[in-house]
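# Residue-level structure breakdown
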Amino acid sequence: MSHRFSLRAAVLALLVACTQVFVFAGPADAQVKLDLRDADLRSFTEIVSETTGKSFVIDPGVRGTVTVIAPDTLTPQELFEVFLNVLELNRLTIVNGGTVDRIVPMNVARELSSGAPRTAPKGFQTRVIEVENVPLNDIVEVIRPLLPAEAVLTPVAGSKLLILSDRGQNHARIEALVRRLDTPREQPIEMIRLRNANAAEVLQVIDSMGIVPEGAAVSVDRRSNALVVSGSDDLRRQLRALSARLDTQRNNVSSHAVELNYADATTLADVVTRAISNESTEANAPPIRIIPETQTNTLLITAPEERLDDIVQMIHFLDRRPSQVLVEAVIFEMSVNGFADLSSQFGAVLNDAIVGGVEFALDGRTNLTSLLSSVLNSEGTAVPTPGNGGYIGGGTINSSGNGIAALISAIASTTSTRLLSTPSIMTLNNQEAEIVVAQNVPFVTGSFAQVGESTNVDNPFQTIERQDVGLTLKVTPQINADRTVRMEIEQEVSNLTQNSSSAGGEITAKRSLSTTVLVRDGNVIMLGGLLEDGSGSTAQKVPGLSKLPLVGGLFRAKNSSKNQRVLLVMLRPRVVENDREAKHLTTELAREAKKAGLAIQPPDDGRYPRTSRAGLPFDGADLNQPFDAGFVDDFAQTRNYPPLPSRLKFDGKY
């Protein structure tokens, strides 16, 4: 029959947390029924101790409550299982002892020894533990976390000893653990053979690096030129990698040919040779030779094998497709020259000679004396002209050569010129380009004549120099990383003035500039501008008489001139990186040229003679076709010449 096992435990549980505990039968085969709600953990420990007969020492830090609901009765063993679960939930554990177990927090359990005999000393002691096989640092890393805070562990590296100061009961646990760890381990032995490097020299490098830990060993087998390594897997793996790096073959010369795509072989060979000549090389290292082969644009390289790859990579880096620059220029020049003149001249002729009168010598105007001389000497064979402009003149001369003549002349002229040039030129990066649209005009630079016995000249000759008169544009672009273009520019515009110098020869007008500019891709920059506005006048008069009223104008003459000139030079660079951009620009310029050609083409009215088409045959369609055969004369196509390509058609029209 079941009976009440412990009245004291039931009353205590009832008072603490409304706990119901019923124990049936004797202590050996007692049956317990639990119904604990928020019971004190220490009180539940007393119930377990009385039921199972175990003795417990409770750590002062053990606190908490417990709720256990068990509808069926439990045996002592089942009750102890419930007790262990309750301790685990509360982060507690049991440290087994000889007759008394200890209930402590889990973070303290690692510091306590378990199962210690009753004869173990209880006080705080200091002992020496000897280590024979394992490095002291490895033992300390494992043992130190298992010691209580008050324990002191000191390694003595020179003698492989550990000094431990701790409770006497804990010494046996630590010593047993050290004995388990201090077991001799067999280190694998590996032989690393070297083919090119000397094993003894490699060992010196390894020793100088200090990478061999305690307990490992590296030696040299001179007969096989190998390293003998005894140590861990990580050490052997590290030494294998290091030996492979050091065991490189030296002074092994190789040859290689590199075909270039864009760079010039001669120029690139000189650049690479100068680049590697500054590098420090060994005394016995073979020389490096780079020879350009111009016919195939190839570099022939002879160099040590370990340096060959670096040289080839350098060449491939420099042999990149260069960018191109389309330079578009606009040159606008307009000039206007105005001239006005008014003068009066008269004189008396006596015996075929002028004896008095008023005469003025102005630029561009015939004077009265010259005009009268022409009239008197012409004898009716020719009519002399007084010059351009309006004039009124008259005179009378009798048979004796006496008379009077007068001339009033006036003129106003305006001369204007307008020049608009839009030259464009494309060139590679850092390559000079030049475009010349000019006339090659001869200029006399000297003459020679030899006079002999007669008055005739013998062997006359002249020296002539031809010069370009027109438009000249010379530019050298450099593309920067931020797509700005640095350009060295030389621009010249010259023309003939239709005037001759007193020494002979044509006079030319020249406007030029030489500059270096920096402009962003696609932007327009003004290189030079000139706005010239000039005027002048020349007045001649007879003193005193020119101030008379009414008739004073007959004794004075005046001309005036005024000129204006505007010159603008603008430039725009456009960077062309690839074929797509080049094709787009070509198509765009072809269409503009087509429009310009049609605009200036003379109209064809259908009458004889017919006006032939002179415009550009391309209008932006596919330009990668055979050129138009229409440029060849029709008569040539009927002869036995090689076949000509067919005409290009654009929009169904020739």
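Residues numbered from 1 in each chain as written. Predicted model: local features only at pLDDT ≥ 70, side-chain atom pairs only at ≥ 80, totals over all residues. Heavy atoms only, no water.

Under an unreviewed UniProt entry, the name given to the protein chain is Type II secretion system secretin GspD, and the organism recorded is Sulfitobacter aestuariivivens. Under the Subcellular location (unreviewed entry) heading, UniProt states for the protein chain: "Cell outer membrane". Per its UniProt entry, the protein chain bears the Sequence similarities (unreviewed entry) comment "Belongs to the bacterial secretin family. GSP D subfamily." (UniProt positions renumbered as here; feature names shortened; annotations may be inferred.)

### Brief notes about the overall build of the protein chain
When you go through the protein chain residue by residue, the secondary structure sums to 13 helices and 26 strands. Of the contacts formed within the protein chain by residues at least 6 apart in sequence, a portion of 61% connects residues at least 24 apart. Counting only carbon and sulfur atoms, one obtains 51% of the accessible surface of the protein chain, whose full area is about 41500 Å². (Helix = DSSP H or I, 4+ residues; strand = E, 2+ residues; numbered from the N terminus. Contact = heavy atoms within 4.5 Å. Areas by Shrake-Rupley, 256 points an atom, 1.4 Å probe, with all protein chains shown as cover.)

### Looking at the pattern of salt bridges
All chains considered together, the criterion is met by 15 salt bridges. We note a salt bridge from Asp270 to Arg274, for which the minimum N-O separation is 3.1 Å. Of this pair, Asp270 and Arg274 both sit in helix 9 (residues 265-277), four residues apart, roughly one helical turn. The class for Asp270 is partly exposed, based on a relative accessible area of 41%. Here Arg321 makes a salt bridge to Asp579, at a shortest N to O gap of 2.5 Å. Within this pair, whereas Arg321 is found in the loop between helix 10 (305-318) and strand 16 (324-349), its partner Asp579 is found in helix 12 (residues 579-600), the two being separated by 258 residues in sequence. We classify Arg321 as partly exposed; its relative accessible area is 37%. A relative accessible area of 52% places Asp579 in the exposed class. Salt bridges sharing partners connect three or more residues here, namely Glu190, Asp233, Arg236 and Arg240. (Salt bridge = Lys/Arg side-chain N within 4 Å of Asp/Glu carboxyl O. Buried < 20%, exposed > 50% of the residue type's maximum accessible area, 1.4 Å probe, protein only.)

### Considerations on the sheet that holds strand 3 (residues 55-58)
Pairing is mixed across the open sheet formed by three strands, whose spatial order is 3-6-5. At either end of the open sheet lies a strand with only one pairing partner, and these are strand 3 and strand 5 (92-95). In this sheet, neighbouring strand axes are inclined to one another by 30° on average, regardless of whether the strands run parallel or antiparallel. Its contacts with the sheet place helix 2 (residues 41-52) against strand 3, strand 5 and strand 6 (100-105), and it is angled at close to 160° to strand 3. (Pairing = 2+ DSSP bridges. Axes fitted to C-alpha atoms, helices over the stretch in contact; angles between N-to-C directions.)

### A closer look at the sheet that holds strand 11 (residues 217-221)
Pairing is antiparallel across the open sheet formed by three strands, whose spatial order is 10-12-11. Of all the strands in the sheet, just strand 10 (189-193) and strand 11 have a single pairing partner and so form its edges. On average, each strand axis in the sheet is tilted by 25° relative to the strand beside it, whichever way the strands run. Direction of pairing for strand 10 relative to strand 12 (residues 226-230): antiparallel, over a ladder of five bridges. Opposite Ile189, over in strand 12, you have Ser230 as the bridge partner. Taken strand by strand, helix 8 (residues 233-246) contacts strand 10, strand 11 and strand 12, and its axis lies near 5° from that of strand 10.

### Section: the packing of aromatic side chains
Within this structure, the stated rule accounts for zero aromatic pairs. When the ring centre of Phe317 is taken as origin, the NZ or CZ atom of Arg320, which lies over that ring, is 4.4 Å away. (Phe/Tyr/Trp six-rings, centres within 6.5 Å; stacked < 30°, edge-to-face > 60°. Lys NZ or Arg CZ within 6 Å of the ring centre and 35° of its normal.)

### Focus on the side chain of Ser243
Note that Ser243 resides in helix 8. Not counting residues within four places of it along the chain, the set of residues in contact with Ser243 comprises Ile192, Leu194, Val202 and Leu227.

### Describing unusual backbone geometry
One non-glycine residue, Asn430, lies in positive phi territory at about 65°. If you trace the backbone, Asn430 turns up in the loop between strand 20 (424-428) and strand 21 (433-451). Since its relative accessible area comes to 43%, Asn430 is described here as partly exposed. The phi torsion at Arg483 lies on the positive side, around 60°, for a residue other than glycine. A relative accessible area of 33% means that Arg483 is categorised as partly exposed.

### Concerning the pairing of strand 14 (residues 289-293)
Pairing of strand 14 with strand 15 (residues 298-304) involves five bridges; the strand directions are antiparallel. Among the inter-strand pairings, Glu293 is bridged to a residue of strand 15, identified as Thr298. The antiparallel hairpin formed by strand 14 and strand 15 contains four residues in its connecting segment, where Asn297 sits at a positive phi of about 55°.

### Considering helix 5 (residues 136-143)
Of the residues making up helix 5, those classed as buried are Leu136, Ile139, Val140 and Ile143. Down the axis, helix 5 shows its buried residues gathered within 100° of arc, on one side only. Exposed side chains of helix 5 directed beyond 90 degrees from the buried face belong to Asn137 and Glu141. (Arc of directions from axis to C-beta.)

### A closer look at the packing of helix 7 (residues 199-209) against helix 8
Helix 8 packs onto helix 7 with a crossing angle of 130° between their chain directions and a minimal axis gap of 11 Å. The angle between helix 7 and helix 8 places the two elements in the oblique class. With respect to the hand of their crossing, helix 7 and helix 8 are arranged in right-handed fashion. Counted together, Val202, Val205, Ile206 and Met209 of helix 7 and Leu239, Leu242, Ser243 and Leu246 of helix 8 form the full contact between these two elements. Split by residue class, the contact of helix 7 with helix 8 holds seven nonpolar, one polar and no charged. (Parallel < 35°, antiparallel > 145°, perpendicular 65-115°, else oblique. Left-handed = near helix turned anticlockwise from the far one by under 90°. Nonpolar A, V, L, I, M, F, W, Y, C, P; charged D, E, K, R; others polar.)

### Considering the pairing of strand 15
Where a strand is regular, its side chains alternate between the two sheet faces. Strand 15 sits mainly inside the fold: five of its seven residues count as buried. Sheet topology note: the strand 13 (residues 253-259)/strand 15 ladder contains seven bridges and is antiparallel. Its bridge partner being in strand 15, His256 is matched across the sheet by Ile301.

### Notes on helix 3 (residues 76-89)
Working note: α-helix, 3.6 residues per turn, so residues spaced by three or four point in the same direction. Over its 14 residues, helix 3 runs 20 Å from end to end, which matches the ideal 20 Å to within 8%, given 1.5 Å per residue. Within helix 3, burial applies to Pro76, Leu79, Phe80, Phe83, Val86 and Leu87. The arc that holds the buried residues of helix 3, viewed along the axis, is 115°, so those residues lie on one side. Counted as exposed and oriented over 90 degrees from the buried face of helix 3: Gln77 and Leu89. (Expected span 1.5 Å × (residues − 1).)

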